Amino acid sequence: MIAYGIALFTALLIVAGALFALIAAIGINRLPDLYTRMHAASKAGTVGSGLMLIAVGLHAGDLATFSRAIAGFFFFILTAPVSAHLLAKAAHQVGYKLSPVSVLDELKGKDGPAP
Amino acid sequence: MIAPETIIQAACNFALVVLGIAFFLTVYRVVKGPTLPDRVLSLDMLVGIAIGFIAVIAIRTGYTLYIDIAISLGLVGFLATVAFARFILARGLVGERPLEDGAVLRTEKHKVKGGKKAKAAAAAAGGKGKSGSPAGAGGGRRK
């Protein structure tokens with residue numbers, strides 16, 4: 001019975017991760033500008049790959065494999081915001097503009113040459 | 001009753017199909033993406049989808065060594081994104097001039113020094129294109 005529970009939970013994690021990746025890909029295509037696309041890519045995309053890594057660790061049923069999968073998951077969770085923030089800061093500082101539907105730019109004129 | 005392995009195999013097949021769709025949607029954004037940061041962001045997303053593929057294949061084949069490959073790929077993707085961000089910071093807006101509606105007017109390098117008049121003309125073209133289709137504004141050329 002426990003094997004069924006673990007198998008069902010692993011299958012749920014795999015399907016949820018794949019759907020998160022699909023939602024991130026749809027968001028990358030549908031959102032209007034770079035700064036909103038970044039929401040889809042760095043949140044939903046990271047959760048998608050992280051859920052699938054945890055599924056691998058659960059499916060193996062081995063403590064060494066599971067701890068490596070958890071380590072990889074935390075590594076992605078830690079590095080995704082750093083890279084997304086660096087990219088957004090660089091793009092805003094250089095002068096890539098926000099979409100006209102955005103209502104507020106709190107960094108306007110504060111970093112680098114104002115566009 | 002269904003065996004546990006059958007459930008896992010069915011979930012893996014479904015996940016492979018969904019990940020393939022997501023992969024091609026992201027590749028479309030890499031090809032189309034109007035500016036360089038869009039392409040860098042989509043490449044970062046492609047690394048995440050590839051890690052998902054590696055995880056599913058690790059479950060299907062049973063080789064847990066694939067997890068180490070996934071961790072290494074995540075490290076390389078993070079470093080590549082950081083390096084591209086530094087490159088965007090150092091490069092500036094060479095060759096790209098984003099308009100208000102997000103479309104990009106491509107400019108030649110020797111035509112960038114058009115002065116304020118050309119800039120105002122580009123802004124007017126951008127405002128006019130907003131009522132029409134965004135693709136029309138993106139296709140306009142600067143004089």
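Preceding this section is the structure that the text describes.
Residues numbered from 1 in each chain as written. Chains lettered and ligands numbered in written order. Predicted model: local features only at pLDDT ≥ 70, side-chain atom pairs only at ≥ 80, totals over all residues.

Our next topic: the overall build of chain A. The secondary structure content of chain A amounts to 3 helices and 0 strands. Counted from the first residue to the last, chain A has its helices and strands arranged as α-α-α. By the compact-globule yardstick of 13 Å for 115 residues, chain A is too spread out, its C-alpha radius of gyration being 19 Å. Projected onto its principal axes, the C-alpha coordinates of chain A cover approximately 60 × 25 × 15 Å. Considering chain A as a whole, with its 115 residues, one finds that 47% of them fall into the buried category. In chain A, 56% of the contacts between residues at least 6 apart in sequence involve partners at least 24 apart. (Helix = DSSP H or I, 4+ residues; strand = E, 2+ residues; numbered from the N terminus. Rg over C-alpha atoms; globule rule 2.2 N^0.38 Å. Buried ≥ 20, exposed ≤ 12 C-beta atoms within 10 Å, placed from the backbone. Contact = placed C-beta atoms within 7 Å.)

When helices and strands are tallied, chain B shows 5 helices and 2 strands. The burial tally for chain B puts 36% of its 143 residues in the buried class. Contacts in chain B between residues at least 24 apart in sequence constitute 53% of all its contacts with a sequence separation of at least 6.

Looking now at helix α2 (residues 36–61) of chain B. Note on helix geometry: an α-helix contains 3.6 residues per turn, so any two residues three or four positions apart are oriented the same way. Helix length check: α2 of chain B (26 residues) gives 37 Å between terminal C-alpha atoms against 38 Å at 1.5 Å per residue, within 8%. The buried fraction of α2 of chain B amounts to 19 of the 26 residues, a majority that puts the element mostly inside the structure. (Expected span 1.5 Å × (residues − 1).)

Moving on, we come to the interface of chain A and chain B. Taken together, the 54 residues of chain A in the interface contact 49 residues of chain B. Those elements that provide at least two residues to the side of chain A that touches chain B are α1 (2–30), α2 (34–60) and α3 (63–94) of chain A. If you tally residues by element for the side of chain A that touches chain B, the top one is α1 of chain A, at 18 residues. Residue classes in the side of chain A that touches chain B are distributed as 34 nonpolar, 15 polar and 5 charged. (Nonpolar A, V, L, I, M, F, W, Y, C, P; charged D, E, K, R; others polar.)

Here the focus is the nonpolar core. Counting residues in each nonpolar core, the largest one holds 64 residues, and the members touching the most others are I14 and V56 of chain A together with A55 of chain B. Where this core is concerned, the elements lending two or more residues are α1, α2 and α3 of chain A together with α1 (4–32), α2 and α3 (66–91) of chain B. Broken down by element, the residue count for this core peaks at 14 residues, all from α2 of chain A. Residues contacting V56 of chain A, with those up to four places away along its chain left out, are A69 of chain A together with A55, A58, I59 and I67 of chain B. (Core = buried A, V, L, I, M, F, W, Y, C linked by C-beta atoms within 7 Å.)

Moving on, we come to the environment of A11 of chain A. In this fold, A11 of chain A is placed in helix α1. Note on A11 of chain A: 23 C-beta atoms within 10 Å, which makes it buried. Sequence-wise, A11 of chain A and H59 of chain A are 48 residues apart; in three dimensions their C-alpha atoms are separated by 9.3 Å. Setting aside chain neighbours within four positions, we find A11 of chain A in contact with I7, I8 and A11 of chain B.

All right, on to the packing of α1 of chain A against α1 of chain B then. Between two packed helices, the angle of one axis relative to the other and the distance separating the axes together describe the packing. Contact geometry of α1 of chain A with α1 of chain B gives a least axis separation of 8 Å together with a crossing angle of 10°. In terms of orientation, α1 of chain A lies roughly parallel with respect to α1 of chain B. Grouping the amino acids of the contact of α1 of chain A with α1 of chain B by side-chain chemistry returns 27 nonpolar, 3 polar and 1 charged. (Axes fitted to C-alpha atoms, helices over the stretch in contact; angles between N-to-C directions. Parallel < 35°, antiparallel > 145°, perpendicular 65-115°, else oblique.)

What follows covers the packing of α2 of chain B against α3 of chain B. Residues and elements named next belong to chain B. Direction vectors running N to C along α2 and α3 enclose 180°, while the axes themselves pass 9 Å from each other. In terms of orientation, α2 and α3 fall into the roughly antiparallel class. Of the residues in α3, those touching α2 at L36, P37, V40, D44, V47, A50, I51, I54, A55, I57 and A58 are Y66, I67, I69, A70, L73, G74, G77, T81, F84 and I88. Partitioned by chemical class, the residues of the contact of α2 with α3 number 17 nonpolar, 3 polar and 1 charged.

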